[in-house]
Amino acid sequence: MAEVKNKEARIGVFVCHCGTNIAGTINVEAVKEYARTIPNVVVADNYAYMCSTPGQNMIADAIKEHNLTGVVVAACTPRLHEPTFRNATAAGGLNPFRFEMANIRDQNSWVHMHQPEEATEKAKDAIRIAVAKASLLEDLIPKSVPVEKAAMVVGGGVGGMQAALDLANAGIKTYLVEKSPTIGGRMSQLDKTFPTLDCSQCILTPKMVDVYRNENIELLTYTEVESVEGYIGNFDVTLRKKARGVLTPAEAEARGIVGGGCTGCGDCATVCPVIKPNPFELGMAPRKAIYIYHPQVSPLIYTVDFDACVKCGLCVEACGEKKAVDLDAQDELITVKVGTAILATGYDIFPIEKKFEWGYKNYDNVITSLEFERLICASGPTGGHLVRPSDGETPKRIAFVLCAGSRDNTGVGRPYCSRFCCMYSLKHAHQIIEKIPGAVPYIFYMDIRSFGKMYEEFYYRIQNEGAKFIRGRVANITEDPVTKNLHVNAEDTLLGRPIDMEVDMVVLAAAIQPAAETERTRRLFGVSCSQDGWLLEAHPKLNPCGTTTAGVYLAGVCQGPKDIPDTVAQAEGAASAASIPIHRGEVELEPYFAQCIEEKCAGCGLCVNQCPYQALSLVEKDGRKVMQVTEAKCKGCGTCGGFCPGGAIWMQHFATPQIVAQIDAFLLGGEQ
Amino acid sequence: MADENWKPKIIAIICNWCSYAGADLAGGARIQYPPDIRAVRVMCTGRIDPLFILKAFQDGADGVLVSGCHFGDCHYLEGNYKAAKRMFLLKSVLKNIGLDDKRLRMTFVSASEGAKWGMVMSDVVKTINELGPSPLKEFAR
Ligand SMILES: Cc1cc2nc3c(=O)[nH]c(=O)nc-3n(C[C@H](O)[C@H](O)[C@H](O)COP(=O)(O)OP(=O)(O)OC[C@H]3O[C@@H](n4cnc5c(N)ncnc54)[C@H](O)[C@@H]3O)c2cc1C
Ligand code: SF4
Ligand code: SF4
Ligand code: FES
């Protein structure tokens, strides 16, 4: 703890115009003139862009010229430019923590655009408050900690797989944690992919094999994150390996079963008497209680669904000498240490039956687009023949309802655009024209969003192939109880007239939402989410792969709807970001640690239970008890400092005298 | 009110991770709200010693806002629970010293709730305007 030497403080204040962002509302000249009158301020200046090179040089030069002890920049937000100005402060030869920012843009000029005078007064106050703190700031040295040379990726869809491959190929040991029995994610349920129409499995399966074979990747399927402790560089992640009931060859060997373990022959499933709906086929096909998720699974290991299993033991018998089936298997907890982590937990389909007016789950022939993917897929439950669930007939008139539950402000659906539904519905239209002679797709849309590379061209192509486009939201769908045909009621907003169209099948391009476990998982990693539940990036433009939790990054749809190309691109970005601290080998932690002011500490120990990280303890010193901080555990929240009745805890950079000085500066006008 | 030109002095002590970020987001979205509140940033609402708030009232503040992450979202797990407990107790202290406890408010605004931040700002200013100047003002300093 440095002694507080407020009287000797020499502060420089720099007011940024941010072009017209600030100067268009706030009178920056008046603010600068005012700053010169604030106690301790020895120099005040203003400039068009303080973050530019000349702006930063102004700061460094002024520090030297005026022998400053502290710097205040009144500009945007510390969440954007605190690092920039700390560097400038350091360039002037001052400890970078002797910098304080006054937010006069994001929390002032932008939110008081029509009140220039009040905004100017608020800016003056903000600077006075910042100067008060800057006058009491002390030199701090960030703590360097070593970074574990390993990473974790949570979620094994195409995003998580790409991220894991990139990390592994950069020489980093990577744990790929997937909750389901196989990697692949939603992409493995798709038939073809727009706009190139290459087969989804054909491009995905080789990647799955790459992941499985990569010696730097430890693939943990059927595994969930149980708890996370630590911080960037040193996360201790506890994982729950769910009881799979089937041993891999390696696990079998470890148990001394020579040449045993699952070979994926499927003899077990043949004899299993329990039949359940198959979730991979969205319930449209059966599955046994011992199963593989789909034929291309990686790893090719069977899994027992213990919720369904009746423990008859027929599978054990069928497996024979391989002795792969273990019906007494238990969940297993393991803990691994990683330096950084990437979340890639993807999405689920919005339960579109909530939009009851479209009759999903009520009318047999209303299906979702994902069900369409399975029905049109050669390896799907119908061998690639699109048929009506009601009678097995081939539909000829097929309506596609776009924005089903997306862009919906009624409170039932989702307010955002799910982003890939326009494109995959165009793909579906193409597929039925190609596969079913004489079939006509009718696409009910609000507007077609074909934003990507070659996407607009794809849209034209489908138009030319004969798909019919009707602009208008579908109000409701009714079913003819005899034929099971459907009536689609909508308004054609281009022609301005209502439509009642009879079709054989309706495909709802249902909205998507964050995957079920996302909420729990994000909380374990301390990551925020947007209002709609998608995980929140550190900055929407400048840091779309990072999060506000250092060392945790985002890839794919978990951050917001995106198609495969965008998912893969973000995954590569996240992998690159996650590899930087690992390659550097160490990271600097902000030195906002708690310190005990031993003269003031009564040894009462009340603070010990306040700390969420068990960083505090009582120790004997000179015959009495005093509190001691374990810096490696302290994350700098200050919760202990907000509680100590004796004021015996010094929170570095947020010390009580510093905060009280800010309060006084605002309310008492700066004279302390 | 005696003074026609009275403008409320309100201080907001807000956490870095949620409410400060939410306030920045309100700026990005150009949400307009009354300019009467000045913010002090702390890393977590858990940092807020009730004495800070008493000091603000002693200095003549008309209102104090404490704003942090939603429960379960605190960047440090549970600082906001601790803060909420302290603010709850502090409110009864305020009542005992003759201050309307509506002058102290705790809210939870996440990093994605720019619009909510704007609403909180308007609402706090409205409440304090209705309550008028703090009775402690004349003793300030
Ligand atoms: C009907 C339909 C058609 C589509 N067609 C196309 C197309 O033609 N072209 C195109 O580019 N895009 C298409 N898409 C979009 C495509 O599916 C996505 O872009 C892609 O799947 C996103 O990959 P992801 O890895 O982000 O998420 P996902 O594929 O959802 O993968 C997430 C993975 O994480 C796992 N997981 C989730 N939560 C956890 C947890 N808590 N712990 C551990 N693991 C977890 C899941 O089990 C899953 O394996 C289509 C989407 C739909 C619905
Ligand atoms: S609460 Fe304060 S006085 Fe009590 S042990 Fe902790 S630091 Fe010391
Ligand atoms: S500042 Fe927070 S993390 Fe550090 S010792 Fe105090 S309570 Fe624990
Ligand atoms: S970090 Fe926001 S309340 Fe703790």
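Residues numbered from 1 in each chain as written. Chains lettered and ligands numbered in written order. Predicted model: local features only at pLDDT ≥ 70, side-chain atom pairs only at ≥ 80, totals over all residues. Heavy atoms only, no water.

K.L.:
Looking at this model, I keep getting lost on the overall build of chain A. Mind explaining?
P.N.:
Scanning chain A for helices and strands turns up 16 helices and 34 strands. Each of the three principal axes of chain A carries a C-alpha extent, and together these read 90 × 75 × 40 Å. Buried residues in chain A amount to 57% of all 672 residues. Taking contacts inside chain A between residues at least 6 apart in sequence as the whole, the part at least 24 apart equals 69%. (Helix = DSSP H or I, 4+ residues; strand = E, 2+ residues; numbered from the N terminus. Buried < 20%, exposed > 50% of the residue type's maximum accessible area, 1.4 Å probe, protein only. Contact = heavy atoms within 4.5 Å.)

K.L.:
Would you take a moment to explain the state of the cysteines for this structure?
P.N.:
Here a disulfide denotes one covalent bond, and it connects the sulfur atoms of two cysteines. All names here are of chain A. For the coordinates displayed, the defined rule picks out one disulfide over all chains. Between the sulfur atoms of Cys199 and its disulfide mate Cys202 the distance is 2.2 Å. Because the sign of the S-S torsion sets the handedness, a value of about 90° for the bond joining Cys199 and Cys202 places this disulfide among the right-handed ones. (Disulfide = S-S within 2.5 Å.)

K.L.:
What exactly am I supposed to notice about the interface of chain B and chain A here?
P.N.:
Accessible area lost during the coming together of the parts is what is often quoted as the interface size. Every contact between the two is made by 52 residues of chain B and, on the other side, 55 residues of chain A. Between chain B and chain A, a total of about 4,700 Å² is buried, with carbon and sulfur atoms accounting for 56% of that surface. Put simply, Lys55(B) and Asp664(A) hold a salt bridge, and the shortest N to O gap is 2.8 Å. Counting every contact that joins chain B to chain A gives 28 residue pairs in polar contact (both at pLDDT 80 or more). Sorting the residues of the side of chain B that touches chain A by element identifies strand S1 (10-15), helix H1 (19-28), strand S2 (37-42), helix H2 (50-58) and helix H3 (79-96) of chain B as the ones contributing at least two each. At seven residues, the largest contribution of residues to the side of chain B that touches chain A is made by H1(B). (Buried area = accessible area lost by both parts, 1.4 Å probe. Salt bridge = Lys/Arg side-chain N within 4 Å of Asp/Glu carboxyl O. Polar contact = N/O pair within 3.5 Å; in protein donor to acceptor, adjacent residues only side chain to side chain.)

K.L.:
Sorry if this is basic, but what is going on with the sheet that holds strand S18 (residues 340-343) of chain A here?
P.N.:
The strands that make up a sheet pair up through hydrogen bonds in the backbone, lying either parallel or antiparallel. Residues and elements named next belong to chain A. Pairing is parallel across the open sheet formed by five strands, whose spatial order is S10-S7-S6-S18-S29. In this open sheet, the two strands that pair with only one neighbour each are strand S10 (217-220) and strand S29 (552-554). Within the sheet, the average angular offset between the axes of one strand and its neighbour, ignoring direction, is 20°. Bridge analysis of strand S6 (residues 150-154) against strand S7 (residues 173-177) gives five bridges, and the strand direction is parallel. Residue pairing across strands places Ala151 opposite Thr174, the latter belonging to S7. Across the face of the sheet, helix H6 (residues 158-169) comes into contact with S6, S7, S10 and S18 while running at roughly 165° to S7. (Pairing = 2+ DSSP bridges. Axes fitted to C-alpha atoms, helices over the stretch in contact; angles between N-to-C directions.)

K.L.:
I would appreciate a short explanation of the environment of Thr263(A) in the present structure.
P.N.:
All names here are of chain A. In this structure, Thr263 sits in the loop between helix H8 (249-254) and helix H9 (267-271). A C-alpha to C-alpha distance of 8.0 Å links Thr263 and Thr248, two positions 15 residues apart in sequence. Apart from residues no more than four positions distant in its own chain, Thr263 is found in contact with Leu300 and Lys322.

K.L.:
Quick question: what am I supposed to make of the nonpolar core here?
P.N.:
Most often, soluble globular proteins have nonpolar side chains that are buried together. Judged by nonpolar contacts, the single largest core of 54 residues is most densely connected at Ile53(B), Val64(B) and Leu104(B). Take this core: its biggest share by element is five residues, from helix H16 (residues 656-667) of chain A. Lining this core are residues from two domains, each supplying at least three of them: domain 1 (11-142) and domain 5 (594-652) of chain A. Setting aside its immediate chain neighbours within four residues, Ile53(B) contacts Ile48(B), Val64(B), Val66(B), Met87(B), Leu90(B) and Leu104(B). Counting 43 residues, the second largest nonpolar core, distinct from the first, contains Cys18(A), Met50(A), Ala62(A) and Ile127(A). (Core = buried A, V, L, I, M, F, W, Y, C linked by side-chain atoms within 4.5 Å. Domains from an automatic or database assignment.)

K.L.:
Just checking my understanding: could you explain the site of ligand 3 for this structure?
P.N.:
Neighbouring residues of ligand 3: 13 residues in total, closest Cys611(A), Cys634(A), Cys637(A), Gly638(A) and Cys640(A). In the shell around ligand 3, the residues fall into 10 nonpolar, two polar and one charged. (Near = heavy atom within 4 Å. Nonpolar A, V, L, I, M, F, W, Y, C, P; charged D, E, K, R; others polar.)

K.L.:
Would you take a moment to explain the domain arrangement of chain A for this structure?
P.N.:
Each assigned domain of chain A is listed here: domain 1 (11-142), domain 2 (150-242 + 334-346 + 515-586), domain 3 (249-330), domain 4 (350-513) and domain 5 (594-652). Between the C-alpha centres of domain 1 of chain A and domain 2 of chain A the distance comes to 39 Å.

K.L.:
Whenever I open this one, the packing of H6(A) against helix H7 (residues 200-213) of chain A confuses me. Can you help?
P.N.:
All names here are of chain A. Where H6 meets H7, the axes come as close as 10 Å, and the angle between the chain directions of the two elements is 45°. Classed by the angle they form, the pair H6 and H7 counts as oblique. Viewed along their axes, H6 and H7 form a crossing whose handedness is left-handed. Residues Val158, Met161, Gln162 and Leu165 of H6 touch H7, and the partners they reach there are Leu204, Lys207, Met208, Asp210 and Val211. Of the residues assigned to the contact of H6 with H7, the class counts are six nonpolar, one polar and two charged. (Parallel < 35°, antiparallel > 145°, perpendicular 65-115°, else oblique. Left-handed = near helix turned anticlockwise from the far one by under 90°.)

K.L.:
Which parts of the structure should I look at to understand unusual backbone geometry?
P.N.:
Both trends apply: most residues other than glycine have a negative phi, and most peptide bonds are in trans. All names here are of chain A. Between Phe194 and the following residue, Pro195, the backbone shows a cis peptide bond with an omega angle of -15°. Locating Pro195 in the fold gives a position in the loop between strand S8 (192-193) and strand S9 (198-199). In this structure, Pro299 follows Ser298 across a cis peptide bond, with omega equal to 0°. With respect to the helices and strands, the residue Pro299 is situated in the loop between strand S15 (290-291) and strand S16 (303-304). The residue Arg419 is not glycine, and still its phi comes out positive at about 70°. For Arg419, the location among the structural elements is in the loop between strand S21 (397-404) and helix H12 (421-435).

K.L.:
Explanation requested: the pairing of strand S30 (residues 586-589) of chain A in the structure shown.
P.N.:
As a general feature of sheets, a regular strand has side chains that alternate between the two faces. Residues and elements named next belong to chain A. Of the two faces of S30, the one holding Val587 and Leu589 is buried and the one holding Glu586 and Glu588 is not buried anywhere. In the sheet, strand S5 (residues 143-146) pairs with S30 via four bridges, with the strands oriented antiparallel. Each bridged residue has a counterpart across the sheet, and for Pro146 the counterpart in S30 is Glu586.

K.L.:
Explain the packing of aromatic side chains here, please?
P.N.:
Centre-to-centre distance and the angle between the planes together describe a pair of aromatic rings. Residues and elements named next belong to chain A. Going through the model one piece at a time under the given rule, you end up with 14 aromatic pairs over all chains. Measuring from ring centre to ring centre gives 6.0 Å for Phe420 and Tyr424, while their planes differ by 40°; the resulting arrangement is tilted. With respect to class, Phe420 is no different from Tyr424; both count as buried. Here the aromatic rings of Tyr459 and Phe469 are separated by 5.5 Å at their centres, their planes lie at 65°, and the arrangement is edge-to-face. Of this pair, Tyr459 sits in helix H13 (residues 455-465) while Phe469 sits in strand S23 (residues 468-471), and the two are 10 residues apart along the sequence. Classification of Tyr459 as buried rests on a relative accessible area of 12%. The cationic tip of Lys143 hangs over the ring face of Phe593; the distance from NZ or CZ to the ring centre is 5.4 Å. Just above the ring of Tyr347 sits the side chain of Arg186; from NZ or CZ to the centre is 5.6 Å. (Phe/Tyr/Trp six-rings, centres within 6.5 Å; stacked < 30°, edge-to-face > 60°. Lys NZ or Arg CZ within 6 Å of the ring centre and 35° of its normal.)

K.L.:
I tried to follow the site of ligand 1 on my own but got confused; where do I start?
P.N.:
Residues and elements named next belong to chain A. Near ligand 1 there are 36 residues, and of these Glu178, Tyr347, Lys427, Lys562 and Ile564 occur at the shortest range. If ligand 1 stood free it would expose 1,000 Å²; the protein chains cover 97% of that surface. When contributions to the shell around ligand 1 are tallied by element, the ones reaching two or more residues are H6, S8, strand S19 (347-349), helix H11 (369-376), H12 and helix H15 (564-584). Looking at the shell around ligand 1 residue by residue, the class counts come to 15 nonpolar, 12 polar and nine charged. A domain split of the shell around ligand 1 shows at least three residues from each of domain 2 (150-242 + 334-346 + 515-586) and domain 4 (350-513). (Areas by Shrake-Rupley, 256 points an atom, 1.4 Å probe, with all protein chains shown as cover.)

K.L.:
Please explain the environment of Leu99(B) as it appears in this structure.
P.N.:
All names here are of chain B. If you trace the backbone, Leu99 turns up in the loop between H3 and strand S4 (104-108). The buried category is assigned to Leu99, whose relative accessible area is 3%. Residues Leu99 and Lys82 lie 17 residues apart in sequence; the distance between their C-alpha atoms is 23 Å. Aside from chain neighbours lying at most four places away, what touches Leu99 is Phe57, Leu94, Ser134, Pro135 and Leu136.

K.L.:
Is there a simple way to explain the sheet that holds strand S25 (residues 486-492) of chain A in this structure?
P.N.:
Residues and elements named next belong to chain A. The three strands are arranged S24-S25-S26 in an open sheet whose pairing can be described as antiparallel. Two strands lie at the open edges of the sheet, namely strand S24 (474-479) and strand S26 (497-503), each paired on one side alone. Averaged over all neighbouring strand pairs, the angle between strand axes comes to 20°, with direction disregarded. Note: S24 against S25, five bridges, orientation antiparallel. Note on S25: the bridge partner recorded for Val474 is Ala490.

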